[in-house]
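Inside the fold
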Amino acid sequence: TIEFVRATQLQGDEEPSGPPPPTQAQQKESIQAVRRSLPVFPFREELLAAIANHQVLIIEGETGSGKTTQIPQYLFEEGYTKKGMKIACTQPRRVAAMSVAARVAREMGVKLGNEVGYSIRFEDCTSERTVLRYMTDGMLLREFLSEPDLASYSVVMVDEAHERTLHTDILFGLIKDVARFRPELKVLVASATLDTARFSTFFDDAPVFRIPGRRFPVDIFYTKAPEADYLEACVVSVLQIHVTQPPGDILVFLTGQEEIEAACEMLQDRCRRLGSKIRELLVLPIYANLPSDMQARIFQPTPPGARKVVVATNIAETSLTIEGIIYVLDPGFCKQKSYNPRTGMESLTVTPCSKASANQRAGRAGRVAAGKCFRLYTAWAYQHELEETTVPEIQRTSLGNVVLLLKSLGIHDLMHFDFLDPPPYETLLLALEQLYALGALNHLGELTTSGRKMAELPVDPMLSKMILASEKYSCSEEILTVAAMLSVNNSIFYRPKDKVVHADNARVNFFLPGGDHLVLLNVYTQWAESGYSSQWCYENFVQFRSMRRARDVREQLEGLLERVEVGLSSCQGDYIRVRKAITAGYFYHTARLTRSGYRTVKQQQTVFIHPNSSLFEEQPRWLLYHELVLTTKEFMRQVLEIESSWLLEVAPHYYKAKELEDPHSKKMPKKIGKTREELG
Ligand code: ADP
Ligand code: MG
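Keep in mind that what you see is a predicted model, and the values were worked out from it rather than measured.

**Notes on the UniProt feature "domain: Helicase ATP-binding" (unreviewed entry) in the protein chain**
Listed under "domain: Helicase ATP-binding" (unreviewed entry) in the UniProt record, and renumbered for this structure, are residues 48–212. Across residues 48–212, the secondary structure splits into 39% helix and 25% strand, with the terminal C-alpha atoms separated by 16 Å.

**Details of the packing of helix α9 (residues 230–244) against helix α10 (residues 257–274)**
Two elements in contact, α9 and α10, have axes whose closest approach is 10 Å; the angle formed by their N-to-C orientations is 40°. Classified by the angle between their axes, α9 and α10 sit oblique to one another. The interaxial crossing formed by α9 with α10 has right-handed handedness. Packed against α9, whose contacting residues are Tyr230, Leu231, Glu232, Val235, Val236, Val238 and Leu239, the element α10 presents Glu259, Ala262, Ala263, Met266, Leu267, Arg270 and Cys271 at the interface. Of the residues that constitute the contact of α9 with α10, the class distribution is 11 nonpolar, no polar and 3 charged.

**Quick look at helix α17 (residues 449–456)**
Within the span of α17, buried status applies to Gly451, Met454 and Ala455. All buried residues of α17 lie within an arc of 100° about the axis, which places them on one face of the element. Turning to α17, the residues buried within the fold contact α6 (137–146), α15 (400–408) and α18 (461–472).

**Some words on the site of ligand 1**
Contacts to ligand 1 come from 14 residues, most closely from Gly64, Lys67, Thr68, Thr69 and Glu323. Gly64 places a polar main-chain atom, nitrogen or oxygen, 2.6 Å from an oxygen atom of ligand 1. In this structure, Gly66 approaches ligand 1 through a main-chain N or O atom, which is 3.0 Å from an oxygen atom. Contact with the protein chains removes 93% of the 560 Å² of surface that ligand 1 exposes when unbound. Considering each element in turn, the shell around ligand 1 owes the most residues, 3 residues, to helix α4 (residues 67–77). Residues of the shell around ligand 1, tallied by class, amount to 2 nonpolar, 7 polar and 5 charged.

**As for the packing of aromatic side chains**
Per the stated rule, a full pass over the model turns up 23 aromatic pairs. On the basis of an interplanar angle of 20° and a centroid distance of 4.6 Å, the ring pair of Tyr230 and Phe333 is categorised as stacked. Here Tyr230, found in helix α9, pairs with Phe333, found in strand β15 (residues 333–340); they are 103 residues apart in sequence, far enough to count as distant. Its relative accessible area of 16% is what places Tyr230 among the buried residues. Grouped by ring-pair contacts, the aromatic residues Phe172, Phe199, Phe202 and Phe203 constitute a single cluster. Positioned above the aromatic ring of Tyr74 is the side chain of Arg44, whose terminal nitrogen or guanidinium carbon lies 5.0 Å from the ring centre. Above the plane of the ring of Tyr532 lies Arg551, whose end atom (NZ or CZ) is 3.6 Å from the centre.

**Topic: empty space enclosed by the protein**
Scanning all chains against the criterion turns up 2 cavities of 30 Å³ or more. As for the largest cavity, its lining consists of Leu251, Ala316, Leu320, Thr321, Ile322, Glu323, Gly324, Ile325, Arg364, Arg367 and Val368. Residues belonging to the lining of the largest cavity are distributed by class as follows: 6 nonpolar, 2 polar and 3 charged. What the second largest cavity holds in volume is close to 40 Å³. Forming the walls of the second largest cavity are Ile170, Ile394, Leu399, Val402, Val403, Leu406, Leu414, Phe419, Pro423 and Leu428.

**Quick word on the sheet that holds strand β5 (residues 123–125)**
The strand order across the open sheet formed by 8 strands is β5-β4-β6-β3-β7-β8-β2-β9, and the pairing between neighbours is mixed. With partners counted over all chains shown, the strands left at the sheet margins are β5 and β9 (208–211), one partner each. Each neighbouring strand pair of the sheet contributes to a mean axis angle of 20°, computed without reference to strand direction. The pairing of strand β4 (residues 116–120) with strand β6 (residues 132–136) spans 4 bridges and is classified as parallel. Bridging from a neighbouring strand, Gly117 pairs with Arg133 of β6.

**Here we look at unusual backbone geometry**
A positive phi angle, near 55°, is found at Lys83, a position not held by glycine. For Lys83, the position within the fold is in the loop between α4 and β3 (86–91). Unlike most non-glycine residues, Arg164 shows phi in positive territory, near 55°. Here Arg164 is to be found in the loop between β7 (153–158) and α7 (166–181).

**Focus: the pattern of salt bridges**
Enumeration over the complete set of coordinates arrives at 33 salt bridges. Note that Arg563 is salt-bridged to Glu456, the shortest N-O span being 2.7 Å. Of this pair, Arg563 sits in the loop between α23 (544–560) and α24 (575–586) while Glu456 sits in helix α17, and the two are 107 residues apart along the sequence. Among the residues examined, Glu456 registers a relative accessible area of 30% and is labelled partly exposed. A cluster of three or more residues bridged by salt bridges with shared partners is formed by Arg35, Arg44, Glu45, Glu77, Arg103 and Glu107.

**Some details on the confidence of the model for the protein chain**
Taken residue by residue, the protein chain gives an average pLDDT of 91. The fraction at 70 or more is 95%. The model gives residues 666–680 a pLDDT under 50, and that stretch makes 24 contacts with residues more than four places away or in other chains. Under the prediction, the complex receives an ipTM of 0.98, its pTM being 0.88.

**A look at the nonpolar core**
Membership of the largest hydrophobic core comes to 107 residues, with the highest contact counts inside it found for Ile170, Phe172, Met466, Val523, Met547, Ile582 and Phe587. Looking at this core element by element, the count peaks at 8 residues for α7. Excluding its chain neighbours within four sequence positions, the residues that come into contact with Ile582 are Met466, Ile479, Val482, His517, Leu624 and Leu640. Core analysis: the next-biggest nonpolar cluster, separate from the first, contains 62 residues, Leu239, Ile278, Val283 and Val309 among them.

**Comments concerning helix α3 (residues 44–53)**
Those residues of α3 that sit buried are Arg44, Leu47, Leu48, Ala50 and Ile51. Summarising the axial view, the buried residues of α3 lie within an arc of 160°, below the 170-degree limit, and thus occupy one face. Opposite the buried face of α3, at more than 90 degrees from it, the exposed residues are Glu45 and Asn53. Check the buried side of α3 and you find it contacts β2 (56–61), α4, β8 (186–191) and β9.

Rules used throughout
- Residues numbered from 1 in each chain as written.
- Chains lettered and ligands numbered in written order.
- Predicted model: local features only at pLDDT ≥ 70, side-chain atom pairs only at ≥ 80, totals over all residues.
- Heavy atoms only, no water.
- UniProt positions renumbered as here; feature names shortened; annotations may be inferred.
- Helix = DSSP H or I, 4+ residues; strand = E, 2+ residues; numbered from the N terminus.
- Axes fitted to C-alpha atoms, helices over the stretch in contact; angles between N-to-C directions.
- Parallel < 35°, antiparallel > 145°, perpendicular 65-115°, else oblique.
- Left-handed = near helix turned anticlockwise from the far one by under 90°.
- Contact = heavy atoms within 4.5 Å.
- Nonpolar A, V, L, I, M, F, W, Y, C, P; charged D, E, K, R; others polar.
- Buried < 20%, exposed > 50% of the residue type's maximum accessible area, 1.4 Å probe, protein only.
- Arc of directions from axis to C-beta.
- Near = heavy atom within 4 Å.
- Polar contact = N/O pair within 3.5 Å; in protein donor to acceptor, adjacent residues only side chain to side chain.
- Areas by Shrake-Rupley, 256 points an atom, 1.4 Å probe, with all protein chains shown as cover.
- Phe/Tyr/Trp six-rings, centres within 6.5 Å; stacked < 30°, edge-to-face > 60°.
- Lys NZ or Arg CZ within 6 Å of the ring centre and 35° of its normal.
- 1 Å grid on protein atoms, 1.4 Å probe; cavity = no way out; pocket = protein on both sides within 12 Å on 5 of 7 lines; lining within 4 Å.
- Points joined across faces, edges and corners; volume = space filled by probe spheres on them.
- Pairing = 2+ DSSP bridges.
- Salt bridge = Lys/Arg side-chain N within 4 Å of Asp/Glu carboxyl O.
- pLDDT = per-residue confidence, 0-100.
- Core = buried A, V, L, I, M, F, W, Y, C linked by side-chain atoms within 4.5 Å.

This is the structure in C-alpha cells:
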C-alpha cells in the first residue's frame, strides 16, 4: 500500500456535503434537462447581450460549465448562422474537437457532419451544411490560407485559450488583426479560470464575462515519501481507492498512450487475479489516437455497483469533462515539448507538471460532490519543485511551420508580429534560417515558389520538402507512403506481453537494409498487397488502426500532389532514390558515428540510436533521424542510413565538403553502445 497524508483542501463554493453523486436514472435524464442544469445556462441571455454589445469578449468559466458545448449552440439559436455564415470553435486537441462535436450534434438532434461537424488534420467531418464547426486551432490557422479575412465566419470562438498552444497564440494575433477590418465579426476567447486578464489586455481591454462555477471542496492528499516508480504506484493507489473508498469514479492522469496502455493492462491484470474479491472496476483509457468508439465509452454511465477508472492524458484536465468523478489520482507529470534554439533540437520529455496544472487536475474531483485528490508526490515537492504555470508552447517549440504559414499569409515582419508572448528571438531566427536552407525562403526572406508549395501541404516543412523532392527522384508513390507512416509512426507495431518473442520476430522480418523509413515502407506495401487486411495485421503484430489511419493520410496527401505539381511515380525498387528524397527534406537531422558515438553533424550533440531501430546493431557511419526523443538519453527515432555525398547533392548551400570528411575512418571502433540484449 501507499501511505497518503491529507494536507490541504481546494476550497469549493458549495456545501461539502452537497447532493449525492448522480444516480444512473439522473444521468439518463433528458438531454435538454442536462443542458438547462449547466452553470452557463442561467447566464444565457446576459451572455448573448454581452456578445451583441462587444466585438471581442473574454469568457471565463470553470471547466465543465458548458462553454464549449453550449455557447456555440446559443449563438446558433440566436441566428448567428443565418445566410450561411459559420461559427468556428477551436480546440487545442483533436480528441476534444471530435468528442465535443459529437456531443453537440447529439444535443441538437442532428447527424454529426451535417449542421455540426469537426475538422482536424487529415480528417474532415463537415459538409456544405455545417454551420457549427469544431476544429483544432491548427485547422483554423490553415483556413487563413484560403480565406484570409475569415469572411464566411460570423463568430470565432478561441476555446481553451489558457492552454496557450502555439497555434492558439498565433490565432490571437491574426484574429485581432481581422477583427479590426471586419467590425461585424464576433470574437470569443474562452478559458478556464486562468490568465483571463492577460487576454483582455491583449484584445484592447475587452470585457471579461465570468460564469460562476459549481465547485465542491476537494481534499488533497500527498504521499509521505517520493515514489520511485509512479506507474506502479498509480496502479496500487487505484486499487487502494477502489477497495477503501465510498462509491465514485476515479480519474488518473498519465502522460501518453504507451503509459496509459501499460497502466490499463496492469490494472486489468490485477483485477482479474483478485476476481470476485473486489467489486467490478471498469478500466477505460483516453488519449489522442484512441478510436472514436472507444472514446465514447468513457462518457457512458457506470453500471450500478461498479466503479469506473478513466486513465487519461492532459486532455481530461480541461478539455473533456467526465461526469461522476470523485477521485483524482495525479502522479504530477506531463509530456512536454522543449526546444533548444542553439542546437535546433526539439524533444519531447516527461516533466513535472505545473502547480496550475495540478490544481486543475484536483478540481476535476469536485464537480458533482466533495471529492479527493491523491497526489503521488510529497507536499514539499509541490511547494518547491513545481513551476507556477506552464511556459507557453511558443517559447519551447520550433517555429518553422508557423513562420512558413505567416510568410504565406504575406506577413513579412515577424519580429513585430503581435504576439501575446513573443517567442525567443533565436528561435525565430533559426526558423528563418532553416526555411532558407530548405529553399522555402530566398535570401531576402521572401517566400519562394517552392516555399508556397510547401505551405500547401499540411505537414512540417521538412516533410513537405521531402514530398516535393520525390518529384526529382521519381519516387512519389514511395515517399507518400513513408510520409503517411511517419505521421502515425510510434504506434505501428504492438508487442503483447505474453508474445514478446513472436512480436519482435515479426518486426525484424520487416527489416530492410537502409533503415527504418524503408521498414515502414515495407510494412505498408505488404499490407496493401494483402488487400489492406486486418487479419494480416493481426498475424504480423501490426496495429490495424494505425495502418488504416496511414492509408487515410496517404490518400489525402496524394490528393494534394497535383496542387504542388508533383507527379505520381515509383522508384521500382531503387531505394537509393527514396533515401535521397528523404535526405532532401531531413538534411538538418543528420548524425555521424565518431569515436565517442553518434554526434549530430552541425552541432556536435551526442545522440543515440533508439534500441527499437532496425539500425541499432548496424551502426552506420552516416545517418539521418526523423525525431529526437529524450528519455534516459537523447534517442534518435526512425533512422535512415545515408551517404555523406548525398548531403552535398541535396543541400550544397548548407553543407561544405570539408565538414563531411571523416578523419577517423581507419580507427573506427567495431561497435559502439550496448547491444539490444544488454539493454533488455
Ligand atoms: P466547458 O467547455 O465549460 O468545460 P463543456 O461544454 O465541455 O464545458 O461541458 C459541459 C457538460 O457537458 C459537461 O459537464 C459534461 O457533463 C457534458 N458533456 C460534454 N461532452 C459530453 C459527452 N461526450 N458525453 C456526455 N456528456 C458530455
Ligand atoms: Mg471546454
